[in-house]
2 protein chains.
Amino acid sequence: MSEFELIREYFFWQDIPGSVQVGVGDDGAVLRVPVNRELVVSVDTFNAGVHFPLETPPHAIGYKALAVNLSDLAAMGAEPAWFTLAISMPEADRQWVSCFTRGLRELAQQHGIFLIGGDTTRGPLSVSIQVMGWVEPGQALLRSGARHGDLICVSGTLGDAAAGLAIVQQRLQLSGGAAEHCVQRLNCPSPRLQLGASLRGRASACMDISDGLLADLGHILKASGVGAYLRHGALPLSPALQQLELAQRLDFALRGGDDYELLFTLPTDCLREVMESADNLGIRVTVIGVIDANQPGLSLDYTFHDERSGYEHFSQ
Amino acid sequence: MSEFELIREYFFWQDIPGSVQVGVGDDGAVLRVPVNRELVVSVDTFNAGVHFPLETPPHAIGYKALAVNLSDLAAMGAEPAWFTLAISMPEADRQWVSCFTRGLRELAQQHGIFLIGGDTTRGPLSVSIQVMGWVEPGQALLRSGARHGDLICVSGTLGDAAAGLAIVQQRLQLSGGAAEHCVQRLNCPSPRLQLGASLRGRASACMDISDGLLADLGHILKASGVGAYLRHGALPLSPALQQLELAQRLDFALRGGDDYELLFTLPTDCLREVMESADNLGIRVTVIGVIDANQPGLSLDYTFHDERSGYEHFSQ
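Cut-off values and rules
- Per chain, residue numbering runs from 1 following the sequence as it is written.
- Written order decides the labels, with chains lettered from A and ligands numbered from 1.
- Two thresholds apply to this predicted model, a pLDDT of at least 70 for residue-level local features and 80 or more for giving and counting side-chain atom pairs, whereas whole-chain, interface and lining totals are computed over all residues.
- Computation of side-chain values covers all heavy atoms of the structure but excludes hydrogens and water.
- UniProt positions are given in the numbering used here, feature names are shortened, and annotations may be inferred rather than shown by experiment.
- For this analysis, a nonpolar core means a set of buried residues of the types Ala, Val, Leu, Ile, Met, Phe, Trp, Tyr and Cys, connected via side-chain atoms within 4.5 Å.
- The buried label applies to any residue whose accessible area, calculated with a 1.4 Å probe on protein chains only, is under 20% of its type's maximum; exposed applies above 50%, and partly exposed to all values in between.
- By definition, any uninterrupted DSSP run of H or I lasting at least four residues is a helix, any uninterrupted run of E lasting at least two residues is a strand, and each is numbered from the N terminus.
- Boundaries between domains were set according to an automatic or database domain assignment.
- Whether two residues touch is decided by their heavy atoms; if any such pair falls within 4.5 Å, the residues are in contact.
- Here, a salt bridge means any side-chain nitrogen of Lys or Arg that lies within 4 Å of a carboxyl oxygen of Asp or Glu.
- Two strands qualify as a pair provided DSSP detects at least 2 bridges between them.
- To get an axis, a line is fitted to the C-alpha atoms, and for a helix only the part in contact is used. The angle between two axes follows their N-to-C directions and goes from 0 to 180 degrees.
- Pairs of N or O atoms are called polar contacts if they sit within 3.5 Å, as long as, within protein, a hydrogen donor faces a hydrogen acceptor (for residues adjacent in sequence, only side-chain-to-side-chain pairs).
- For classification, angles of less than 35 degrees are called roughly parallel, those exceeding 145 degrees roughly antiparallel, those between 65 and 115 degrees roughly perpendicular, and all remaining angles oblique.
- Side-chain classes are defined by residue name, with Ala, Val, Leu, Ile, Met, Phe, Trp, Tyr, Cys and Pro counting as nonpolar, Asp, Glu, Lys and Arg as charged, and the others, Gly among them, as polar.
- When two components associate, each loses some accessible surface as probed by a 1.4 Å sphere; the sum of these losses over both components is called the buried area.
- Expected helix span is taken as 1.5 Å per residue step, with the number of steps being one fewer than the number of residues.
- We call a crossing left-handed when the near helix sits turned anticlockwise from the far one by less than a right angle, and right-handed when that turn is clockwise.
- Least-squares superposition aligns the copies on the C-alpha atoms of those residues with pLDDT at or above 70 in both.

Per an unreviewed UniProt entry, chain A is named Thiamine-monophosphate kinase, and its organism is Thiothrix nivea. What the UniProt record of chain A gives under Pathway (unreviewed entry) is the line "Cofactor biosynthesis; thiamine diphosphate biosynthesis; thiamine diphosphate from thiamine phosphate: step 1/1."

Q: In this structure, what is going on with the nonpolar core? I would like to understand it.
A: Nonpolar side chains tend to gather and get buried jointly when the protein is soluble and globular. Ranked by size, the top nonpolar core spans 55 residues in total, and within it Leu66, Phe83, Val127, Ile129, Leu199 and Phe264 of chain B carry the most contacts. At 11 residues, helix H2 (residues 58–76) of chain B tops the list of elements feeding residues into this core. Composition of this core by domain shows at least three residues from each of domain 1 (3–135) and domain 2 (151–300) of chain B. Each residue touching Leu199 of chain B, except ones within four places of it in the same chain, is listed here: Leu141, Cys206, Leu262, Phe264 and Val274 of chain B. The next biggest cluster of nonpolar side chains, apart from the first, holds 54 residues, and it includes Ile87, Leu115, Leu195 and Cys206 of chain A.

Q: Help me understand the pattern of salt bridges in this model?
A: Between side chains of opposite charge, a pair can form as their charged atoms come close. All names here are of chain A. Enumeration according to the criterion identifies 20 salt bridges over all chains in this entry. Arg202 is the salt-bridge partner of Glu273, the closest N and O atoms lying 3.3 Å from each other. Here Arg202 lies in the loop between helix H6 (193–199) and strand E8 (205–208) and Glu273 lies in helix H10 (residues 271–281), a separation of 71 residues in the sequence. Accessibility expressed as a relative area gives 35% for Glu273, which makes it partly exposed. The class for Arg202 is partly exposed, based on a relative accessible area of 23%. When salt bridges that share partners are traced, they join Asp160, Arg185, Arg192 and Glu261 into one network.

Q: How should I be thinking about the sheet that holds strand E5 (residues 114–122) of chain A in this particular structure?
A: Strand pairing in a sheet takes place through backbone hydrogen bonds and is either antiparallel or parallel in direction. Spatially, the 6 strands line up as an open sheet ordered E5(A)-E4(A)-E6(A)-E3(A)-E2(B)-E1(B), and their pairing is mixed. Of all strands in the sheet, those bounded by a partner on one side alone are E5 of chain A together with strand E1 (20–22) of chain B. Strand-to-strand, the axes of this sheet are offset by a mean angle of 20°, without reference to chain direction. In terms of strand pairing, strand E3 (residues 38–47) of chain A meets strand E6 (residues 126–135) of chain A through 10 bridges, oriented antiparallel. Looking at the pairing, Glu38 of chain A lines up with Val135 of chain A of E6 of chain A.

Q: Before we go on, may I ask you to explain the sheet that holds E8 of chain A in this structure?
A: Residue and element names in this part refer to chain A. The strand order across the open sheet built from 6 strands is E8-E10-E7-E11-E9-E12, with neighbouring strands paired in mixed fashion. One side of each edge strand has no neighbouring strand; the edge strands of this open sheet are E8 and strand E12 (298–300). Strand-to-strand twist in this sheet, taken as the mean axis angle between neighbours without regard to direction, amounts to 25°. Across 3 bridges, strand E9 (residues 227–230) lies against E12 in parallel orientation. Paired with Tyr229 across the strands is Ser299, a residue of E12. Where H10 meets the sheet, it contacts strand E7 (151–155), strand E10 (262–266) and strand E11 (285–292), and its direction lies at approximately 150° from that of E11.

Q: Looking at this structure, I do not really get the UniProt feature "binding site: Mg(2+) 3" (unreviewed entry) in chain A. What am I missing?
A: Following the UniProt record, the feature "binding site: Mg(2+) 3" (unreviewed entry) maps to Asp27, Asp72 and Asp208 of chain A here. Separation in sequence by 182 residues is matched in space for these annotated residues, since their most distant C-alpha atoms are 32.7 Å apart. Discounting residues that sit within four places of it in the chain, Asp27 of chain A has contacts with Ser42, Asp72, Ala75, Met76, Arg143, Cys206, Met207 and Asp208 of chain B. By the secondary structure assignment, Asp208 of chain A is in strand E8. Relative accessible area serves as the criterion here: at 2%, Asp208 of chain A is assigned to the buried category. The residues touching Asp208 of chain A, leaving out its near neighbours within four places in the chain, are Val68, Ser71, Asp72, Ala75, Asp216, Tyr260, Glu261 and Leu262 of chain A together with Asp27 of chain B. Of the polar contacts made by the side chain of Asp208 of chain A, one reaches the side chain of Ser71 of chain A; its length is 2.7 Å.

Q: Help me understand the environment of Leu214 of chain B, please; the structure alone is not making it clear to me.
A: Residue and element names in this part refer to chain B. Structurally, the position occupied by Leu214 is in helix H7 (residues 213–224). Residue class for Leu214 comes out buried when judged on its relative accessible area of 15%. A C-alpha to C-alpha distance of 9.1 Å links Leu214 and Ala253, two positions 39 residues apart in sequence. In contact with Leu214, not counting residues within four places along its chain, are Leu230, Leu254, Arg255, Leu298, Leu300 and Phe304.

Q: Just to check I follow, could you spell out the packing of helix H4 (residues 160–168) of chain B against helix H5 (residues 176–187) of chain B for this structure?
A: Packed helices, taken two at a time, are described by the angle between their axes plus the distance between the axes. All names here are of chain B. The geometry of H4 relative to H5 is characterised by a closest axis approach of 7 Å and an angle of 110° between their N-to-C directions. What the angle tells us is that H4 and H5 run roughly perpendicular. Residues Asp160, Ala161, Ala163, Gly164, Leu165, Ile167 and Val168 of H4 pack against Ala179, His181, Cys182, Val183, Arg185 and Leu186 of H5. Of the residues contributing to the contact of H4 with H5, the split by class is 9 nonpolar, 2 polar and 2 charged.

Q: Just checking my understanding: could you explain the interface of chain A and chain B for this structure?
A: The accessible area lost on association of the parts is a frequent measure of interface size. Counting residues at the interface gives 65 residues for chain A, matched by 65 residues for chain B. Taken together, both faces of the contact between chain A and chain B bury some 5000 Å²; the carbon and sulfur share is 54%. Our count for the contact surface shared by chain A and chain B stands at 6 salt bridges. A salt bridge links Glu38 of chain A to Arg32 of chain B, with the shortest nitrogen-to-oxygen separation between them at 2.7 Å.

Q: Would you mind showing me how to read helix H3 (residues 94–111) of chain B here?
A: Structural remark: α-helix, 3.6 residues per turn; residues separated by three or four positions point the same way. All names here are of chain B. Between its first and last C-alpha, H3 extends 26 Å over 18 residues, near the 26 Å set by a 1.5 Å rise per residue. Within the span of H3, buried status applies to Trp96, Val97, Cys99, Phe100, Thr101, Gly103, Leu104, Leu107 and Ala108. The N-cap of H3, judged by a side-chain oxygen 2.9 Å from the amide nitrogen of Gln95 a few residues on, is Asp93. Just beyond H3, the residue with positive phi is Gly112, at close to 60°.

Q: Looking at this structure, how should I read the pairing of E3 of chain A?
A: Looking down a regular strand, the side chains alternate between one sheet face and the other. E3 of chain A sits mainly inside the fold: 10 of its 10 residues count as buried. By the bridge criterion, 3 bridges tie E3 of chain A to strand E2 (residues 29–31) of chain B in an arrangement that is antiparallel. Looking at the pairing, Val41 of chain A lines up with Ala29 of chain B of E2 of chain B.

Q: Can you walk me through the packing of helix H2 (residues 58–76) of chain A against helix H3 (residues 94–111) of chain A in this structure?
A: Residue and element names in this part refer to chain A. Contact pair H2 / H3: the axes reach a minimum separation of 6 Å and the direction vectors enclose 35°. In terms of crossing hand, the pair formed by H2 and H3 is right-handed. Contacts between H2 and H3 involve Pro58, His59, Ile61, Gly62, Tyr63, Leu66, Ala67 and Leu70 from the first element and Trp96, Cys99, Phe100, Arg102, Gly103, Leu104, Glu106, Leu107, Ala108 and His111 from the second. Looking at the contact of H2 with H3 residue by residue, the class counts come to 12 nonpolar, 4 polar and 2 charged.

Q: Would you take a moment to explain the relation of the copies chain A and chain B for this structure?
A: Relating one copy of the chain to the other requires a rotation about an axis plus a shift along that axis. Between the two copies, chain A and chain B, the superposition gives an RMSD of 0.0 Å; the rotation angle is 180° and the shift along the axis is 0.0 Å. Such values leave the two copies arranged in the relation of a two-fold axis. A high fraction, 100%, of the interface residues of chain A reappear at the interface in chain B, so the copies pair face to face through one surface.

The following block contains the structure:
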């Protein structure tokens, strides 16, 4: 199967939306951003053996590669529009491509995002997706707006994906249902697009948790020039994680990556309406701490016995 | 050196243009497309050992990875605006990153394109760049507009990059100056952005030559639903290629990839003004054939002794 046959067979599944003048198949796509909207762009790469274990099912690779990118749009409060897919594969395995595409398509259709181009090449398995969306001018949620007294909030539960990875890598055992829950959270995270949209004009800062709560909160504090106080007892944990002893579940919840929940700061007078929106979406939102502009850095009422924080590529 | 330090040290070199509201450093970039412009988007991946020999200097990898993408914007007649860089590297080698970035920066500054985001990850060496630009509504150059009687034209000379690859892989020997010319054309192709812009409203179809003239002309013929007649004696060849015997130089010129010259079709009454524009830019434009809507496929007054056409990933 050639590169062109592959693309033709598996990547044309959609009705073309009005914003797409020219899609897949020319040197570039030609697109229309609606009047009075800013374009939001983000890219994430997903490498076999680095970002996911080699034995990850292709359906989950396709799903998650798009999910982590949609999560960036959610963190900006943006509405998804288009994406490109640059994929390198060691060989053109029809079965693999078919499953991969099914995962990708499932999520793309769910969120109304449209594939407008890409590149299919030979090489070690690697998927690089770039998502584009839009937001009203000045409404994008940034990392830099956290202010003294703002509440620190997270969506969903924390640490499940890190526990899922430990299970897949046979470093952790949990009972059947709990193990399945954590592996599912690792492989198929839910991008919080509707929640992100509901935070526009409310949250003072927002990002998604990909490298772990401590590392990612550090980015908000640095960008905003503030400090924070965090209560470990307030961290939202799934029943699966609650089975673990304290040190281990806090390690997963505070330093585990891959949760793709939203981490955001809220002026106290916005809390009630955000909680109501989240309730309507069926998404749990939990206050886990408060911004403190008078004391730089992160104060946590818990001490780890080692020095690691979140995940960084290249740091050993 | 951590991922974040790397990004901070090497990828902030530019004055932020007015179109960029938020650049590198948040979950996504926030951008403004000018009023009354369509967005043009293209992505190309560049893998070590597949798209370039492992021994390619990092400066050339940085330069070429952006050049092949800019070439796609040129082929669409678009004006470059922004790009993202997704790079996987086996290790964070400061020296390597510094040289790579220098090549990238050189070309980016030359064409006024601005880095707005990216992802730096660990993995086998792979560079995926997505370029974005804009064009007036309906003015993008597509592959699908070639009509009966249109002249088939190419910019520059053909086959030099393929000869350069053969030299690097020690399959071909040429005298010093000629060898250097071909390797330079392989490593540092010139994206024809100004020529592409001058073709707007004139060329009936356009693309860049990345997979070889025969393969790429085939895409235009298919997209336009026409055939073509091509004269092998008209192919523009550099003095370096003219040293080779006929079969070999035609193999490079007709089936060698990586030239990144523009291939376009012109109604005859546009030829003179296009030639004048090209002269002003110091770029050679050559008529190599004509579109024939009455006879499907490609007629060439030369026969190869084997069946290959251009380069396709995965086809053996």
